[in-house]
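Listed below are the residues making up each chain.
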There are 2 protein chains.
Amino acid sequence: MSNKKKIAESAISRLSLYLRILEDMVEEGEPTVSSQTMASQSGTTAAQVRKDLSLFGSFGRRGLGYSSTDLVSRIRQILGLNRRWKIAVIGMGRIGSALVEHKGFFDRGFDIVALFDTSDFKVGSNVHGLKVHHVNDMRALVQDKNIEIVVLTVPVEAVTDVTDLINDSGVRGILNWTPARLAVSQSIEVKNVNMVMELEALSFKLSQS
Amino acid sequence: MSNKKKIAESAISRLSLYLRILEDMVEEGEPTVSSQTMASQSGTTAAQVRKDLSLFGSFGRRGLGYSSTDLVSRIRQILGLNRRWKIAVIGMGRIGSALVEHKGFFDRGFDIVALFDTSDFKVGSNVHGLKVHHVNDMRALVQDKNIEIVVLTVPVEAVTDVTDLINDSGVRGILNWTPARLAVSQSIEVKNVNMVMELEALSFKLSQS
DNA sequence: CTAATATTGTGAAGTATTTCACAATCAAAA
DNA sequence: TTTTGATTGTGAAATACTTCACAATATTAG
Ligand SMILES: NC(=O)c1ccc[n+]([C@@H]2O[C@H](COP(=O)([O-])OP(=O)(O)OC[C@H]3O[C@@H](n4cnc5c(N)ncnc54)[C@H](O)[C@@H]3O)[C@@H](O)[C@H]2O)c1
Ligand SMILES: NC(=O)c1ccc[n+]([C@@H]2O[C@H](COP(=O)([O-])OP(=O)(O)OC[C@H]3O[C@@H](n4cnc5c(N)ncnc54)[C@H](O)[C@@H]3O)[C@@H](O)[C@H]2O)c1
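All of the points below concern the structure found in this document.

What counts, and at which threshold
Residues numbered from 1 in each chain as written. Chains lettered and ligands numbered in written order. Predicted model: local features only at pLDDT ≥ 70, side-chain atom pairs only at ≥ 80, totals over all residues. Heavy atoms only, no water. Near = heavy atom within 4 Å. Polar contact = N/O pair within 3.5 Å; in protein donor to acceptor, adjacent residues only side chain to side chain. Areas by Shrake-Rupley, 256 points an atom, 1.4 Å probe, with all protein chains shown as cover. Helix = DSSP H or I, 4+ residues; strand = E, 2+ residues; numbered from the N terminus. Nonpolar A, V, L, I, M, F, W, Y, C, P; charged D, E, K, R; others polar. Salt bridge = Lys/Arg side-chain N within 4 Å of Asp/Glu carboxyl O. Buried < 20%, exposed > 50% of the residue type's maximum accessible area, 1.4 Å probe, protein only.

1. Looking at the site of ligand 2
In the vicinity of ligand 2 there are 23 residues, among which Arg94(B), Ile95(B), Asp117(B), Lys122(B) and Val154(B) approach most closely. One finds residues of chains A and B in close proximity to ligand 2. Here Asp117(B) contributes a side-chain N or O atom positioned 2.5 Å from an oxygen atom of ligand 2. Isolated, ligand 2 exposes 820 Å² of accessible area, and the fraction of that covered by the protein chains is 85%. Taken together, the elements giving at least two residues each to the shell around ligand 2 come down to helix H5 (94-100) of chain A together with helix H5 (94-100) of chain B. Its residues assigned to classes, the shell around ligand 2 shows 13 nonpolar, seven polar and three charged.

Structure below.
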């Protein structure tokens, strides 16, 4: 797929929201849905919904709205969810193992297929039916299993070491849970999940009022 | 504090980043820091850093840069971190209990002072030295302990019930881990941590190239 | 004291994103 | 068939955010 126009990050987040709403609609048997409905359920405006969708094509029917099932598959297509993604979790501590046991990822197209750690206690053990490998074997397993995304849940002290291994592994995307900013090669996409930052944003808002 | 001008969400996120960078600088004994240094470490531009800070005042010295220690306390002040926040965690499952054991929150000014669940197995038990209360006692405990923020880690099916209890409790902010959009009273601030949405954004980016 | 160098603070310019507003289109009712 | 009512798709306008560019300051060297 060629990368033509630049799509705002915010538009992509909203598409994720719309997708969840639409899936609920389909489940409830609603055949069509209007931009207004999607807007009120996702906390935006009808014009914003239509503009977001129009970045990718004309999916609705004037006077009628959008076919729920059709729009679900359109958005899945847009987001690259018309396939499954293989992911690995690096760092089998408290957060890492909580994630592995969570079925929400599988349900939405992400298969956890490998786990990594360095601790002698953890390497070789099983977590939720998956064997924990040593992080030094990452390159081999990433290549072998076609892993494209890793979730990083190691202590912040380990980040530099692990980043080198990731850079070298062929992985294309990282979901980073550590508070560190990762030094990865340009071609690797990074998304950060930073709870403390979210709490600080709450702190700011609450201090304002 | 009166809420004068509107500050962009993105500016607040960046202030969190700058704060972390500056704290590292202080630790390393750097007395001053330039906007350029902060910019390169946080992945933005020097002009952006200066503009962000200038939204709140003039903290630097021309020709010299910013005093690291001074700027740390300025930003802490801006973000409302010149005090400690009392928080509760609702839902002592896999994620909830991982969060309780994490010292990163305490380190940055957030004290977890109460835990809630509904399960008979969990209510009454201890997690990391804190007793787990029944969620029905939330209002009383929130009032009693002056809890202002709750972290929500309950199953999505429980969200409606718990949201009612939260609305009624006097809590001012929520860090929502569930994939649901919360129906809370206007006066409550909500921040969402949505991993699946982040994975979907990765999926989109990786599908583009 | 003057010159050279560094770096802030901030209007103005440039981009990006959101909202507006309305012609185009469709279904259903008259 | 015509009218009414609903709702999309999209340029244009409005807003929001980022980057530019430079005067104002500060330090240091000569
Ligand atoms: N626990 C939380 O609530 C929480 C919240 C937000 C962010 N985080 C961040 O997530 C990360 C993990 O947190 P946690 O609480 O799960 O920590 P943890 O200490 O429970 O787990 C870390 C795991 O990483 C493993 N590890 C250490 N070095 C490694 C290496 N080089 N390669 C692979 N694995 C390695 C350890 O053996 C351990 O199993 C930390 O960076 C933390 O700041 C945690
Ligand atoms: N585990 C993950 O990796 C992960 C990742 C992202 C988001 N989430 C979301 O976080 C939430 C929690 O996930 P989890 O894996 O920790 O689930 P979990 O099932 O392990 O834990 C949920 C806990 O909530 C308690 N609970 C149920 N109803 C309650 C109520 N009405 N009031 C208070 N407590 C109640 C349960 O007793 C249980 O202890 C879910 O919404 C999930 O979608 C989880």
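Now, onward.
2. Describing the protein's contact with DNA strand D
Around DNA strand D sit 27 residues, and of these Ser35(A), Arg50(A), Gly60(A), Tyr66(A) and Arg62(B) come closest. Close to the protein, within 4 Å, the atoms of DNA strand D are drawn from sugar and phosphate at a rate of 65%. Between DNA strand D and Gly63(A) there is a distance of 2.9 Å, counted from a base oxygen to a backbone nitrogen or oxygen. Interatomic distance of 3.4 Å between a side-chain N/O atom of Gln48(B) and a sugar or linking oxygen of DNA strand D. At the level of elements, helix H3 (46-54) of chain A together with helix H1 (9-27) and helix H3 (46-54) of chain B are the ones that each hand at least two residues to the surface near DNA strand D. Each residue belonging to the surface near DNA strand D can be placed in one class, and the counts come to six nonpolar, eleven polar and ten charged.

3. Looking at the pattern of salt bridges
Within this structure, the stated rule accounts for 26 salt bridges over all chains. Its salt-bridge partner being Glu23(A), residue Arg76(A) comes within 3.1 Å of it at the nearest N-O pair. Of this pair, Arg76(A) sits in helix H4 (residues 68-79) while Glu23(A) sits in helix H1 (residues 9-27), and the two are 53 residues apart along the sequence. For Arg76(A), a relative accessible area of 22% corresponds to the partly exposed category. Classification of Glu23(A) by relative accessible area gives partly exposed; the value is 22%. A salt bridge links Asp107(A) to Lys103(A); the nearest nitrogen and oxygen atoms lie 3.3 Å apart. For Asp107(A), a relative accessible area of 46% puts it in the partly exposed group. One network of salt bridges, with partners in common, ties together Glu9(A), Glu189(A), Lys191(A) and Lys205(B).

4. Digging into the protein's contact with DNA strand C
With respect to spatial proximity, 26 residues lie near DNA strand C, and among them Ser35(B), Arg50(B), Gly60(B), Gly63(B) and Tyr66(B) are the closest. Between DNA strand C and Gln48(A), the relevant distance is 3.2 Å, taken from a sugar or linking oxygen to a side-chain nitrogen or oxygen of the residue. A distance of 2.7 Å separates a phosphate oxygen of DNA strand C from a polar backbone atom of Gly60(B). Elements with a contribution of two residues or more to the surface near DNA strand C: H1 and H3 of chain A together with H3 of chain B. When residues of the surface near DNA strand C are assigned to their parent elements, the largest contribution, four residues, is made by H3(A). Partitioning the surface near DNA strand C into residue classes produces six nonpolar, eleven polar and nine charged.

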